[in-house]
Amino acid sequence: LSAIDTKYGKSDNLDDFCKKAQMVNYDSHRAMFESWNSHMWNNTSGLLLWMTHPAWPSTVWQVYSWDYETFGSYFGSKKACEPLHVQLNADDNRVVVVNTSLASFPKGTVKLTCYSTDGKKIFSKEQPVKIAANGITSCFVADLPENLPAVYMLRLELRDTPKHILSVNDYLKTTDVEGNLNSILSRQKATVLITGMKAIETTSGRRLTFTLVNNSKWPAFAVKLNLKNKETGETILPAYFSDGYFNLLPGEKKEITVDFSAGNEEKMEVLVSGYNL
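The sections below set out a description of the structure shown in this document. (Residues numbered from 1 in each chain as written. Predicted model: local features only at pLDDT ≥ 70, side-chain atom pairs only at ≥ 80, totals over all residues. Heavy atoms only, no water.)

Now for the sheet that holds strand β7 (residues 164-174). Hydrogen bonds along the backbone pair up the strands of a sheet, which may run parallel or antiparallel. Spatial ordering of the open sheet is given by β4-β3-β6-β7, a layout of 4 strands whose pairing is antiparallel. Each having just a single partner strand, β4 (121-131) and β7 make up the two edges of the open sheet. Between one strand axis and the next, the sheet turns by 15 degrees as a mean value, whatever way the strands run. Judged from the 10 bridges that link them, strand β6 (residues 151-161) and β7 form a sheet pairing that is antiparallel. (Pairing = 2+ DSSP bridges. Helix = DSSP H or I, 4+ residues; strand = E, 2+ residues; numbered from the N terminus. Axes fitted to C-alpha atoms, helices over the stretch in contact; angles between N-to-C directions.)

Next up on the list: the pattern of salt bridges. Following the criterion strictly, the structure yields 11 salt bridges and no others. Between Asp-16 and Lys-20 there is a salt bridge, with its nearest N and O atoms 3.1 Å apart. Within this pair, Asp-16 and its partner Lys-20 are both found in helix α2 (residues 14-38), separated by 4 residues, close to a single helical turn. With respect to burial, Asp-16 and Lys-20 carry one shared label: buried. Taken together, the shared-partner salt bridges connect Arg-155, Asp-170 and Glu-252 into one network. (Salt bridge = Lys/Arg side-chain N within 4 Å of Asp/Glu carboxyl O. Buried < 20%, exposed > 50% of the residue type's maximum accessible area, 1.4 Å probe, protein only.)

As defined by bridge partners, strand β3 (residues 105-116) adjoins β4 across 9 bridges and the pair is classed as antiparallel. Paired with Lys-111 across the bridge in β4 is Glu-126. Count of turn residues in the β3/β4 antiparallel hairpin: 4 residues, of which Gly-119 carries a positive phi of about 90 degrees. With 8 bridges connecting them, β3 and β6 associate as antiparallel partners. Pairing of Val-110 across the sheet is with Leu-158, part of β6.

Take a look at the structure:
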């Protein structure tokens, strides 16, 4: 409770509290796995999560619930455990690439960019890297300028060609010693649109593919997706989206897939929610 109040301010209602709790869960679970990543192949061989899916409702620890709803912790874990992952080490402020695949990337590029909470670029740094297979590649220390705003978004991007992103990872950061991120509450609401919806059959059910577009002048923070029954308003579960609790800069697009059991798609809709949508 204190962590949520400190980072995002006191909640007006239960829905607001739960939304903020998922952002804390995303950060905490990603941090656990990224700390494991930073010592992989050295002195760390595994990570144990306690109470990942208890039967009772909770806003902490759960990676998914009894009805298979996916929380911020689920997507934070998924992000940190992607086979090719760029991250910022919390202990030494070093940008590294963690590659758990058997493929190497001799011509990679890592880019660090800082954005203000209204989506303006305020600092960037880029460096070519040779990414070894099945190992950690150290890139550079994230030495940031001193004149950063109180709250900003730090984005890491790993590419193998100028237009092909292999991994992207966002961190909401603050210069406040207590970790106060409340200023993003004062920003105007973002608008996210869905385009290019397509459905295909899979061996286990159906898959939708579509594109999200931030059609506004403001970043969209902690975007979460769900499938809903248009007639009843109930959430359709299980439904596994390719990403969740991610950020979209103004004008930015993102390809999304969702896998679910076959049913009556005419009664289904995609619900887009977020911290400031």
